[in-house]
Each structure stands twice: as C-alpha cells, then as structure tokens.
Amino acid sequence: MTSELVFVGLGLSGTDGMTVKALNALKECEIIYAEFYTSTLIGTSPEDLEKVIGKKIKVLYRAQVEECDDIIKDAMEHRVAFITAGDTMLATTHVDLRIQAAEAGIPVRVYHGVSIFSGCPTSLGLQPYKFGRTVTLPFLEPNYHPKSPYDHIMENKSRGLHTMILLDIRADELRYMTAHQAIEWLLEGERKWGEGLVTDKTLLCVASKVGSPEERIFAGYPQDLMKMDLGEPLQTLVLPGNLHFMEAFALVRFANAPEEIIEDE
C-alpha cells in the first residue's frame with residue numbers, strides 16, 4: 001500500500017505548462033483531484049489534461065476542498081495528486097491540506113508551477129521585488145464596495161511599491177471580472193473616498209491571459225484604457241509605484257505606455 005499526497009502546479013496555460021517532473025509524477029498517481037476555482041488554467045479543460053496524463057480527474061468545488069476529507073482519506077491508502085492552475089502552494093486552503101497530510105503522517109511531494117505572481121511582472125518588465133501586498137478586487141454588488149483594497153493599494157503606493165491587483169473569479173457562475181470593471185472599481189473608489197489613489201495621470205497596467213499564446217499587455221492612463229480592447233479574461237491589473245528608468249522603458253516598449261513616463265523618470 002502506497003500512501004502519498006502529490007501537489008502539482010500546472011502553470012498558467014495549456015497541458016504543457018507543467019514541468020516534465022510533475023507530469024511524470026501524475027502518471028504514477030492512482031487518484032487525481034483538481035480545483036480550478038482559485039485560478040483557471042487558460043485554454044485547457046479537465047478532459048484535455050486527462051488525455052495527457054492518462055488518468056481520470058475528479059474536479060472539486062470550494063466546499064469539497066475546504067470541508068470534506070476525501071483527499072486525506074484516499075491519500076492514507078493511495079498515491080493521490082492534487083492539481084491546480086499556477087503554483088499549488090499559493091492558496092491558504094492548499095497549505096491547510098498539506099498541514100493535514102503532515103499531521104496524518106502522509107508523505108508529501110510538491111511540484112511548483114509558474115504563477116501569475118512571477119509571470120505578470122516578467123511580461124510587463126517590472127521588477128518582482130518592488131511589489132508590495134497583492135490585492136484582490138471583489139465584484140461590485142449593491143451596497144457592497146469595501147474600502148480595504150483601496151487602502152492596501154494606497155499603502156503600497158505611499159511606499160513607492162507596485163501593486164498586483166487580482167480580479168474576482170466566480171468559477172461556479174463562469175463570471176470573471178474584466179480589466180474594464182476593475183478600473184471602474186478603482187475610479188468609483190476614488191469618487192467615494194477621494195484620497196488621491198487614482199487620477200487622470202495615474203499609470204495602470206493590464207496583463208491579459210499571461211503565459212498563453214493569447215497574452216496581451218497594456219499600460220496607460222485610466223480613461224485611455226477604458227476605451228481600448230484589453231483582451232479577454234483572465235486579466236490582472238497592476239498599479240505601479242515608483243518606476244526605475246528600466247521599468248519605464250520596458251512599459252513603453254512592451255506595453256505601449258505613454259512615452260512621457262520615461263521623461264518623468
């Protein structure tokens with residue numbers, strides 16, 4: 001009897017985004033669980049993955065991962081894999097699952113994948129170590145516009161740090177916040193709270209479908225971006241802090257940012 005829990009990050013897109021080591025490990029597993037509510041694997045279905053791995057995949061919803069113990073029970077008697085898009089250890093739920101495995105005495109292997117936290121800065125030419133706290137914007141709902149994301153971005157900005165802004169995903173409803181909705185979220189926040197986070201001359205960056213063949217990146221001022229076709233979700237927004245001159249050049253050359261941001265540096 002083999003007892004093991006194998007965590008695999010699949011990368012950002014496609015069935016070939018995972019490492020060769022990860023693929024070989026999955027082929028050794030008897031049971032494979034997956035969740036795609038934290039992040040979606042661009043351009044790929046579970047059926048596509050099944051063909052490459054040669055095994056059936058049990059796709060779980062949030063409650064099944066957070067409240068059920070099927071994965072741990074199976075891993076006590078089988079070699080079980082838990083796969084996700086991006087890097088598998090970036091969600092607290094997944095860390096909790098690893099802790100449960102450790103407490104149950106189940107051996108664990110982790111195969112990391114490329115995530116948006118490395119892919120987005122790389123695509124834009126921004127220096128990863130200059131990013132502050134990551135922020136997630138929730139969908140605007142009637143009477144629901146929390147100020148905490150605005151405050152966290154403002155805190156990063158006050159320290160000269162870039163902010164990566166993740167956009168809400170409702171996988172069960174197939175709803176993905178768009179970059180346009182995210183920019184409107186920030187503009188509406190500025191209208192409500194007026195602390196100077198976003199002005200007409202605030203530079204924003206949009207990265208669409210990072211890591212896929214359809215990747216597109218943009219940089220510009222809010223009202224200009226609102227008029228542009230910014231690609232399709234999945235999208236990520238970045239509000240840069242203080243730019244190094246190399247970062248400014250990168251945004252102009254890679255993302256068509258206004259030339260004047262080079263002159264400002």
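Look a little higher up for the structure.
The structure displayed is predicted, hence computed values, not measured ones.

What counts and how
- Residues numbered from 1 in each chain as written.
- Predicted model: local features only at pLDDT ≥ 70, side-chain atom pairs only at ≥ 80, totals over all residues.
- Heavy atoms only, no water.
- Pairing = 2+ DSSP bridges.
- Helix = DSSP H or I, 4+ residues; strand = E, 2+ residues; numbered from the N terminus.
- Axes fitted to C-alpha atoms, helices over the stretch in contact; angles between N-to-C directions.
- Contact = heavy atoms within 4.5 Å.
- 1 Å grid on protein atoms, 1.4 Å probe; cavity = no way out; pocket = protein on both sides within 12 Å on 5 of 7 lines; lining within 4 Å.
- Points joined across faces, edges and corners; volume = space filled by probe spheres on them.
- Nonpolar A, V, L, I, M, F, W, Y, C, P; charged D, E, K, R; others polar.

Concerning the sheet that holds strand β2 (residues 31-35)
Taken in spatial order, the 5 strands make up an open sheet running β3-β2-β4-β1-β5, and their pairing is parallel. The open sheet is flanked by β3 (58-60) and β5 (108-111), the only strands paired with a single partner. When the angles between neighbouring strand axes are averaged without regard to direction, this sheet yields 20°. In this structure, strand β1 (residues 4-9) lies alongside β5, joined through 4 bridges in parallel fashion. What sits directly across from Val6, in β5, is Arg109. Against the sheet, helix α1 (residues 20-28) engages β1, β2, β4 (79-84) and β5, with an angle of about 140° to β5.

Overview of the side chain of Ser13
Examined against the element boundaries, Ser13 turns out to sit in the loop between β1 and α1. Every residue in contact with Ser13, bar those within four places of it in the chain, is listed here: Leu41, Ile42, Thr44, Gly211, Ser212 and Pro213.

Observations concerning the layout of surface pockets
As a volume, the largest pocket reaches approximately 860 Å³. Taken together, 35 residues form the lining of the largest pocket, with Thr38, Ser39, Leu166, Leu167 and Ile169 sitting closest to its centre. Looking at the lining of the largest pocket, the elements with two or more residues in it are α5 (92-103), α6 (116-124), β7 (163-167) and β12 (235-239). The element contributing the most residues to the lining of the largest pocket is α5, with 3 residues. A breakdown of the residues in the lining of the largest pocket according to their chemical character gives 17 nonpolar, 13 polar and 5 charged.

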